[in-house]
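Analysis of the macromolecular model
Here's the letter readout for the chains.
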Amino acid sequence: MSADARAMWRPLTEGLSVPNDLDLSDRPAVLGQLGVGTAANSRLVSLVRDCIGSEWETALLVSTEAWPLLAARMAGVARGPEGEQGLRDRLQAGLGESTAWQQGGSPGGLAGRMVGATLRA
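First things first, this report covers the structure right here in the doc. (Residues numbered from 1 in each chain as written. Predicted model: local features only at pLDDT ≥ 70, side-chain atom pairs only at ≥ 80, totals over all residues. Heavy atoms only, no water.)

**A word on the packing of helix H6 (residues 67-79) against helix H8 (residues 110-120)**
This is how it is decided: Axes here refer to lines fitted to C-alpha atoms; in helices the fit is confined to the stretch in contact. Angles between the N-to-C directions go from 0 to 180 degrees. Secondary structure elements follow DSSP: runs of H or I of four or more residues count as helices, runs of E of two or more count as strands, with numbering from the N terminus. Here the angle decides the label: under 35 degrees means roughly parallel, over 145 means roughly antiparallel, 65 to 115 means roughly perpendicular, and every other value means oblique. Note: crossing handedness is left-handed where the near helix turns anticlockwise from the far helix by less than a right angle, and right-handed where it turns clockwise. In this description, contact between two residues means that some pair of their heavy atoms is separated by no more than 4.5 Å. Note on residue categories: nonpolar means Ala, Val, Leu, Ile, Met, Phe, Trp, Tyr, Cys or Pro, charged means Asp, Glu, Lys or Arg, and polar means any other residue, Gly included.
Closest axis-to-axis distance for the H6/H8 pair is 10 Å, and the angle between their directions is 20 degrees. Classified by the interaxial angle, the pair formed by H6 and H8 is roughly parallel. For the crossing formed where H6 meets H8, the hand is left-handed. For the pair formed by H6 and H8, the contact residues are Leu70, Arg73 and Met74 on the first element and Val115, Thr118 and Leu119 on the second. Considering only residue class, the contact of H6 with H8 consists of four nonpolar, one polar and one charged.

**A word on the packing of helix H5 (residues 55-62) against H8**
Orientation of H5 relative to H8, taken along the N-to-C sense of each, is 80 degrees, at an axis distance of 9 Å. In terms of axis orientation, H5 runs roughly perpendicular to H8. Residues Trp56, Glu57, Thr58, Leu60 and Leu61 of H5 form the contact with H8, whose participating residues are Leu110, Ala111, Met114, Val115 and Thr118. Its residues placed into classes, the contact of H5 with H8 shows seven nonpolar, two polar and one charged.

**Comments concerning helix H4 (residues 38-52)**
Quick reminder of the rule: Given a helix with a known number of residues, its expected span is that number minus one, times 1.5 Å. Each residue is assigned to one of three classes by its accessible area relative to the maximum for its type, calculated with a 1.4 Å probe on protein chains only: buried under 20%, partly exposed between the two thresholds, exposed over 50%. Relevant arc is that of directions from the helix axis to the C-beta atoms, nothing else.
If you check H4, its first and last C-alpha atoms are 21 Å apart, about what 15 residues at 1.5 Å a residue would give, namely 21 Å. When H4 is considered as a whole, its buried residues turn out to be Asn41, Leu44, Val45, Leu47, Val48, Cys51 and Ile52. Buried residues of H4, seen end-on, are gathered within an arc of 160 degrees and therefore sit on one face of the element. Opposite the buried face of H4, by more than 90 degrees, sit the exposed residues Thr38 and Ala39. Where H4 is buried, its residues meet helix H3 (27-33), H5, H6, helix H7 (83-97) and H8. Positive backbone phi, approximately 80 degrees, marks glycine 53, located one or two places after H4.

Here you go:
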């Protein structure tokens, strides 16, 4: 990942071990580089869908370029002392119960607001 890309994605990469050759346009490769396997990614997508309650909004979030970085951060929480239930609780509080990310701003900014809300959760 270039220095410019690191600066742009800094909040998402903080605390992650990010390889220099990370190419966010190659989704399967980047998920693998960040230690998020196919099964783990599927579980994370399901968790997010459960918390958001919308297939469309989940698909919107997962399709963003930032998803692999979010997935790596979430996988780290799930592997930690809080476990998957702790991750679920965080996502529910940040995405399900506090839906401020759905309101305000332009409709085109919804994906960015979702990324921010997921990162904060």
